[in-house]
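Secondary and tertiary structure notes
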Amino acid sequence: MTTRENQNTAEDGQPAAIAPRGVLGKLPRYAAGKPPVAIDGLRSFKLSSNENPLPPIPAVLDAIREASAINRYPDPMSTALRVELSEFLDVPAEDIVTGAGSLGALNQILATFAGQEQAQEPDEVIYAWRSFEAYPISVGLAGANSVQVPVNDDGTHNLDAMAAAVNDRTRVILLCTPNNPTGPILTTEQVEGFLAKVPSDVVVVIDEAYQEFVRATDAVDGLAIYRKYPNVMVLRTFSKAHGLANLRVGYSVSHPDLTQYLRVTATPFAVSSVAEQAAIASIRNYEQVKERVQGLVDERERVVKGLKDLGWDVPQAEGNFVWLKLGENTPEFASLAGEQALSVRAFGVEGIRVSIGESEGNSRFLALCATYPKGPGVA
């Protein structure tokens, strides 16, 4: 028996178990929104994943159908898309780095700026909690420690507590606006006040996955902040407003002092040529996208008004979803929704996030809220 075989065989003669990185035992599993259960006589609606219920605009579907050279690798720099975005956003193309959705772009940022897992004092990443469910997974896989700062009772970021959590191990801070799943935005005044308390060598990521749905006039504009602060990075995506969730195309925007490092860790070929051409077509026909988004915003406002008329206490809703702070009644409500052929996203015993979907599904959700006996009293 060779030395190699000796090392890989347990005392009982069976192959030795292969162990993953220790951090995997500490990380939550990502729980994607489940599809609705079919109920006889009812049309099913998936309101659990913050997806756009509408297909992409016609020009995008045409671009997908016309895509060719699938046998070739895509441009790893997504040059055509970055040039298009440069004109659309009025930022230099070299400040844009694409990724597989905004989550892919975020993973590239964390891989670049945080993750001294083996250090005596590991890097830290600060973010509000509850916020985007993938944050703790991405931070842990990068090799850094999560510092979760509880949101306020109204679902807003506690920026004072987040600033107080900064120390010499802090490498990245994540600001999700509108916050997923609770819904509120951060204002320009709040973010600039926060940045004044954060060291300039800490990367601050403004995650704006739902930016197109925001109607609050005082909401922060990540791009305006990035132009003023060299340590700010902005995340955006084509998954939500543009309806391209399946194609996985997002991007970050930051100054060249940051992108020079980010391009080293960017996943090659993360954005396919099909996704790139679809995104370009969507940008070039953005007025049609805006029209569809406004229809969803109108539905969101109808749902929020309906909930408030029923006595529910709903946090500020600026994304394509609403949040019900149901506490221990969360599992029960999710089960009742399922009996109505509605899938909603339950978060433990904290609350329910309900995506804005088709009008019929939204109305059925309101009808459930009208009959739920424990509703307004626990919100």
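In case you missed it, the structure is sitting above this.
Along each chain, the written sequence defines residue order, and numbers are assigned to residues from 1. Residue-level local features of this predicted model are given only where pLDDT is at least 70; pairs of side-chain atoms are given and counted only at 80 or more, and the full residue set underlies all totals for whole chains, interfaces and linings. To obtain the side-chain values, all non-hydrogen atoms of the structure were used and water was disregarded.

1. Thoughts on the overall build of the protein chain
Note the threshold: Segments assigned H or I by DSSP are reported as helices when at least four residues long, segments assigned E as strands when at least two residues long, and all are numbered from the N terminus. Only C-alpha atoms enter the radius of gyration; for comparison, a globular chain is expected to reach 2.2 Å times N to the power 0.38, where N is the number of residues. For the exposure calls, accessible area comes from a 1.4 Å probe over protein chains only, and a residue counts as buried if that area is under 20% of its type's maximum, exposed if over 50%, partly exposed in between. In this tally Asp and Glu are treated as negative and Lys and Arg as positive; neither His nor the chain ends contributes. To locate a charge, the coordinates of NZ of Lys, CZ of Arg, CG of Asp or CD of Glu are taken.
A tally of helices and strands in the protein chain yields 14 helices and 11 strands. The C-alpha radius of gyration computed for the protein chain amounts to 22 Å, which stays within 12% of the reference 21 Å derived for 379 residues, consistent with globular compactness. Projected onto the principal axes, the alpha-carbon positions of the protein chain cover approximately 70 × 60 × 50 Å. When burial is assessed residue by residue, the protein chain has 51% of its 379 residues classed as buried. Positive and negative side-chain charges of the protein chain, numbering 33 and 46 respectively, have mean locations separated by a distance of 3 Å.

2. Describing the packing of aromatic side chains
Rules: Between rings of Phe, Tyr and Trp, where Trp is taken as its six-membered ring, a pair exists when centres lie within 6.5 Å; planes separated by under 30 degrees are stacked, by over 60 edge-to-face, and by other angles tilted. Either the NZ atom of lysine or the CZ atom of arginine qualifies as a charge over a ring when it sits within 6 Å of the ring centre and within 35 degrees of the ring normal.
As enumerated under the stated definition, the model contains 11 aromatic pairs in all. For the ring pair Y210 and F321, a centre distance of 5.2 Å and an interplane angle of 75° mean the geometry is edge-to-face. Here Y210 is found in the loop between strand 6 (203-207) and helix 8 (222-228), whereas its partner F321 is found in strand 9 (residues 321-324), with 111 residues between them in sequence. For the pair Y210 and F321, a shared accessibility class is recorded, and that class is buried. Aromatic side chains W312 and F333 sit 6.3 Å apart centroid to centroid with 70° between the ring planes, which places their arrangement in the edge-to-face category. Taken together, the positions of W312 in the loop between helix 11 (286-309) and strand 9 and F333 in helix 12 (residues 330-339) put the pair 21 residues apart, joining distant regions of the chain. Members of the aromatic cluster, joined through ring pairs, are Y127, W129, F132 and Y135. Taking NZ or CZ as reference, R345 lies 4.4 Å from the ring centre of F347, over its face.

3. Looking at the environment of A270
Residue position: A270 is located in the loop between helix 9 (256-265) and helix 10 (273-284). Distance from A270 to V166, taken between C-alpha atoms, is 32 Å for residues 104 residues apart in sequence.

4. Re the sheet that holds strand 2 (residues 96-99)
Stated precisely, the cut-off is as follows: Each pair of strands is called paired provided DSSP finds at least two bridges between the two strands. Fitted lines through C-alpha atoms give the axes, limited to the stretch in contact for helices. The angle between two N-to-C directions lies from 0 to 180 degrees. Note on contacts: a residue pair qualifies if any of its non-hydrogen atoms lie within 4.5 Å across the two residues.
A sheet is described by the order of its strands in space; here seven strands give the open sequence 2-8-7-6-5-3-4, paired in mixed fashion. Strand pairing shows two members of the sheet lacking a second neighbour, strand 2 and strand 4 (145-150), which therefore form its edges. In this sheet, neighbouring strand axes are inclined to one another by 25° on average, regardless of whether the strands run parallel or antiparallel. Across four bridges, the pairing between strand 2 and strand 8 (residues 250-253) is antiparallel. Looking across to strand 8, one finds that V97 is bridged to S252. Packed on one face of the sheet, helix 3 (residues 79-89) meets strand 2, strand 7 (232-237) and strand 8 and runs near 125° to strand 2. Helix-sheet contacts for helix 7 (residues 188-195) involve strand 5 (170-176), strand 6 and strand 7, and the interaxial angle to strand 5 is about 175°.

5. Some remarks on the side chain of S86
Among the structural elements, S86 can be located in helix 3. Setting aside residues up to four positions removed in sequence, S86 forms contacts with V91, P92, A93 and I96.

6. Overview of the packing of helix 12 against helix 13 (residues 359-371)
The following threshold applies: Any angle from 65 to 115 degrees is called roughly perpendicular, while one under 35 is roughly parallel, one over 145 is roughly antiparallel, and all others are oblique. Less than a right angle of anticlockwise turn of the near helix away from the far helix marks a crossing as left-handed, whereas a clockwise turn marks it as right-handed.
At a closest axis distance of 11 Å, the pairing of helix 12 and helix 13 adopts a crossing angle of 130°. Considering the angle they form, helix 12 stands oblique to helix 13. The interaxial crossing formed by helix 12 with helix 13 has right-handed handedness. Within the contact between the two elements, helix 12 uses F333, L336 and A337 and helix 13 uses F365, L368 and C369.

7. Description of the nonpolar core
Applicable threshold: Take the buried Ala, Val, Leu, Ile, Met, Phe, Trp, Tyr and Cys residues and link them wherever side-chain atoms come within 4.5 Å; each set so joined is a nonpolar core.
Membership of the largest hydrophobic core comes to 54 residues, with the highest contact counts inside it found for M162, I173, L175 and F238. A per-element tally of this core places helix 10 first, with six residues. Aside from chain neighbours lying at most four places away, what touches I173 is I126, M162, V166, F194, V198, V202, V203, V204 and V205.

8. Focus: the packing of helix 4 (residues 101-113) against helix 5 (residues 135-142)
Applicable threshold: Residues are grouped as follows: Ala, Val, Leu, Ile, Met, Phe, Trp, Tyr, Cys and Pro are nonpolar; Asp, Glu, Lys and Arg are charged; all remaining types, including Gly, are polar.
For the pair helix 4 and helix 5, the least separation of the axes is 9 Å and the interaxial angle reads 35°. When you trace helix 4 past helix 5, the crossing you get is right-handed. Contact with helix 4, carried on its side by L103, L106, N107 and L110, involves Y135, S138, V139 and A142 of helix 5 and no other residues of that element. Considered class by class, the residues forming the contact of helix 4 with helix 5 number six nonpolar, two polar and no charged.

9. So, the pattern of salt bridges
Applied cut-off: What makes a salt bridge here is a side-chain nitrogen of Lys or Arg within 4 Å of a carboxyl oxygen of Asp or Glu, nothing more.
Under the defined criterion, the tally for this structure stands at 20 salt bridges. Here K305 makes a salt bridge to D309, at a shortest N to O gap of 2.8 Å. With K305 and D309 both in helix 11 and four residues apart, the pair spans about one turn of that helix. For K305, a relative accessible area of 52% puts it in the exposed group.

10. Regarding the sheet that holds strand 10 (residues 342-347)
Ordered by their spatial adjacency, four strands build an open sheet running 1-10-11-9, and the pairing between neighbours is mixed. One side of each edge strand has no neighbouring strand; the edge strands of this open sheet are strand 1 (45-47) and strand 9. Neighbouring strand axes in the sheet, compared pairwise and without regard to direction, differ in orientation by 25° on average. The pairing of strand 10 with strand 11 (residues 351-355) spans three bridges and is classified as antiparallel. In the strand pairing of strand 11, F347 is matched with G351. Across the sheet, helix 13 is in contact with strand 1, strand 9, strand 10 and strand 11; its angle to strand 1 comes to roughly 70°.

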